[in-house]
Amino acid sequence: MASAPLNDLWIAALTVSIVFLTILWYKLNKVESNLPPGPRGLPIVGFLPFLRANLHHQLTELSQQYGPIYKFWLGGKLCVVLNSPSLAKEVVRDQDSIFANRDPPIAGLVATYGGLDIGFSPYGSYWRDMRKLFVREMLSNRNLESCYSLRRQEVRKTIKNVHTKIGSLTDIGELAFVTEMNVIMSMIFGSNFVEEMEKHGTEFRELVIKYPQILGRPNISDFFPMLARFDLQGIQKDAEALLKSVESILDPAINEHLKMLSDRREGEIQGNEKKDFIQILLELMEQKDIGISLDLVKIKAILVDIVIGGTDSTITTIEWVMTELLNNPETMSKVQQELKHVVGMNNIVEESHLPELHYLDAVIKETLRLHPALPLLIPKRPSQSAIVGGYTIPEGTKVFLNVYAIHRDPHAWESPLEFQPERFLNRSTNLDYAGNNMKYLPFGSGRRICAGLPLAEKMIMFMLASLLHSFDWKLPEGENVDLSEGFGLVIKKSKRLFAIPTPKLPNLDLYQ
Ligand code: HEM
């Protein structure tokens, strides 16, 4: 008799379990059935064994097979790729607060002290404060104007340097690297530091090249968290070593500024002198009541973003523009005609000329269309489940916005594979860098748009205008332009670009 209530209990428990499991199965199935289509891959590893080195090419090819939105699995990680302007709009405009979150790889976390930088930190108050600090204190219009003399000084140094290489093979990436690095370093640490930094030039360039390669390598640890502690491919170890090398260059400069700060406090010197970015950060670190709790690690994380991330994408873009110009000599001569007209040949380029250089601007925009430095932007991770293109994108999915495919989409662009800067001369289209026209997003769009855009735009224009105004450039006899791409988070040319300068400006003494 006592077993009857027990039986009832069993039956009730069984019924509840069946109902629960049915709901769960239904829900999972519904999510799965509402995922976008995509290649199947293998059990457990998914699509991982099929990944190719040039991911952006492969993802663009897959969009031709599976349509503008598709998915694949990398181990246990669901990835979704968006390949059209209208899907981009759904993500960066309509649902930006959900998709402003990041999905950093382990290597990225290691290289930024656990995502304490701007680029990889999750969407939230920490990211907002850090980005505001960077944009307001370092890249405000006022600060950019007051740092013009630094940019001018470095660009002039570069022109004088090219003058010593007349008629000989010149590494364009190297020229761009030295100039950009010196500008960024002097904005952060002050111009006195440039000489010190130049001693580390070669070593630092190696780091700048390695950084996006390590971050862009598919890492098994990212897709099978259980295996992460074994670091099977050694990528985590490489990222740790990279960070150590960067620290060995940045730490002495930071320590010197800390010492200067404490000497100044002891001497009670209150100067009105312009502060370097590092000085501003260190002073904020000491103020406890400003709402942001800064410490040295967070400061270094921001510096890694600016110094490594910013330098790399800028020099890569300059190298691509020069490559396209060498490949299209008529376009190069049109740029030089414009420079002759706007700047004149008895004068040197100043930043005040840049807004008048419409054709050069169009050439740079067209280059960034065909060769966006970050063709898949920085991958996103929705903070909650969302619907895009009618499909479910579950929370935690890795979302690639394939700007490379969008920039070459024949529905969005006429003759998309041809280099035609003229398409950017029509002012009625809003084809600028602000990320408002969804068919053109070289700097991304929405809340996570590139934070360094105002500096990048100035530096690229200023450097190219100066190089093309002062010199004619040609390839070595018998060589063709190489347009092949390397791989990584930032897409570089697979081979360095060497070109030969000959003087164009009648009087290079103007640069003395
Ligand atoms: C041609 C030069 C550059 C290009 C093409 C470029 C492109 C980009 C892109 C595509 C993103 C990701 C946007 C997204 O995910 O929606 C980004 C992020 C970022 N860029 Fe740039 N960038 C350039 C130069 C710079 C420079 C010079 C700096 C710093 C001085 C810089 C600092 C940053 C930072 C801090 C972020 C992270 C923004 C965030 O997550 O909130 N970039 N950049």
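Residue positions are counted from 1 within each chain, in the order its sequence is given. The model is predicted, so local features are restricted to residues of pLDDT at least 70 and side-chain atom pairs to those at 80 or more, both for listing and for counting; the totals for chains, interfaces and linings are taken over all residues.

## Some thoughts on the overall build of the protein
Runs of H or I in DSSP of at least four residues are treated as helices and runs of E of at least two as strands, each being numbered from the N terminus. Scanning the protein for helices and strands turns up 19 helices and 8 strands. The globule rule used for comparison is 2.2 Å times the number of residues to the exponent 0.38, while the radius of gyration itself is calculated over C-alpha atoms. Here the C-alpha atoms of the protein give a radius of gyration of 26 Å, agreeing with the 24 Å that 2.2 N^0.38 yields for 512 residues. Projected onto the principal axes, the alpha-carbon positions of the protein cover approximately 110 × 65 × 45 Å. Neighbour density around each residue's C-beta defines its exposure: 20 or more other C-beta atoms within 10 Å make it buried, 12 or fewer make it exposed, and counts between make it partly exposed, where C-beta atoms are placed from the backbone. For the protein, with 512 residues in total, the buried portion stands at 41%. Note on contacts: residues are paired as contacts if their backbone-placed C-beta atoms lie within 7 Å. Counted over contacts in the protein with a minimum sequence separation of 6, partners at least 24 positions apart contribute 74%.

## A closer look at helix H19 (residues 453–470)
For H19, with 18 residues, the first-to-last C-alpha span of 26 Å sits near the 26 Å given by 1.5 Å per residue. The buried count for H19 comes to 14 of 18 residues, which makes it a mostly enclosed element. Expected span of a helix, by definition, is 1.5 Å for each gap between consecutive residues, and there is one gap fewer than residues.

## Considering the UniProt feature "binding site: heme" (unreviewed entry) in the protein
Under the local residue numbering, the UniProt record ascribes the feature "binding site: heme" (unreviewed entry) to Cys450. Tracing the sequence through the fold places Cys450 in the loop between helix H18 (403–407) and H19. Given 23 C-beta atoms within a 10 Å radius, Cys450 is considered buried. Sequence-distant contacts of Cys450, defined by excluding residues within four places in its chain, comprise Phe443, Gly444 and Ala456. UniProt positions are given in the numbering used here, feature names are shortened, and annotations may be inferred rather than shown by experiment.

## Some details on the site of the ligand
The criterion for a residue being near a molecule or strand is simple: its C-beta atom, placed using the backbone, must lie within 6 Å of it. Taken together, the neighbourhood of the ligand is formed by 25 residues, with Gly310, Ser313, Gly444, Cys450 and Gly452 sitting nearest. If you list the elements that add at least two residues to the shell around the ligand, you get helix H15 (296–327) and H19. Per-element tally for the shell around the ligand: the top contributor is H15, with 7 residues. Throughout this entry, Asp, Glu, Lys and Arg are counted as charged residues, while Ala, Val, Leu, Ile, Met, Phe, Trp, Tyr, Cys and Pro are counted as nonpolar. The remaining residues, Gly among them, count as polar. Class assignment of the residues belonging to the shell around the ligand gives a composition of 14 nonpolar, 8 polar and 3 charged.

## Examining the sheet that holds strand S8 (residues 498–503)
The strands making up a sheet associate through backbone hydrogen bonding, with each pair oriented either parallel or antiparallel. Across the sheet, 3 strands lie side by side as S3-S8-S7; this open sheet has antiparallel pairing. Every interior strand has two partners, whereas the edge strands, strand S3 (170–171) and strand S7 (471–474), have only one. Here, strands pair whenever DSSP counts at least two bridges between them. Alignment of S3 against S8, held across 2 bridges, turns out to be antiparallel. Within the sheet, the bridge partner assigned to Thr170 lies in S8 and is Ala499.

## Focus: the packing of H15 against H19
Note on method: axes are straight lines fitted to C-alpha atoms, helices fitted across the in-contact stretch only, with angles between N-to-C directions ranging 0 to 180 degrees. Following both chains from N to C, one finds H15 and H19 inclined at 40 degrees, their axes separated by 10 Å at the closest point. With respect to each other, H15 and H19 are oriented oblique. Considering how the two elements wind past one another, H15 and H19 form a crossing that is right-handed. Contacts between H15 and H19 involve Thr314, Thr317, Ile318 and Val321 on the former and, on the latter, Ala456, Met459, Ile460, Met463 and Leu464. Grouping the constituent residues of the contact of H15 with H19 by class yields 7 nonpolar, 2 polar and no charged. Note on angle classes: values under 35 degrees are labelled roughly parallel, values over 145 roughly antiparallel, values of 65 to 115 roughly perpendicular, and the remainder oblique. When the near helix sits turned anticlockwise from the far one by under a right angle, the crossing is termed left-handed; a clockwise turn instead gives a right-handed crossing.

## Describing the environment of Lys365
Locating Lys365 in the fold gives a position in helix H17 (residues 358–370). Judged by C-beta crowding, with 18 C-beta atoms within 10 Å, Lys365 ranks as partly exposed. Beyond its immediate sequence surroundings of up to four residues, Lys365 is in contact with Phe424 and Leu431.

## Remarks on the sheet that holds strand S1 (residues 69–74)
What the 3 strands build is an open sheet, ordered S1-S2-S6; its pairing is mixed. Strands at the two margins of the open sheet, each flanked by one partner only, are S1 and strand S6 (398–401). Between one strand axis and the next, the sheet turns by 25 degrees as a mean value, whatever way the strands run. Across 6 bridges, S1 lies against strand S2 (residues 77–82) in antiparallel orientation. Its bridge partner being in S2, Ile69 is matched across the sheet by Leu82. Sitting on the sheet, helix H3 (residues 85–94) is in contact with S1, S2 and S6, with an inclination near 120 degrees to S2.

## A few points about the environment of Ile220
Tracing the chain through its elements places Ile220 in helix H12 (residues 220–223). Ile220 gets classed as partly exposed once you count the C-beta atoms within 10 Å, which come to 18. Separated by 175 residues in sequence, Ile220 and Val45 have C-alpha atoms that sit 9.4 Å apart. Ignoring sequence-local partners within four residues, the contact set of Ile220 consists of Leu227, Leu232 and Gln233.

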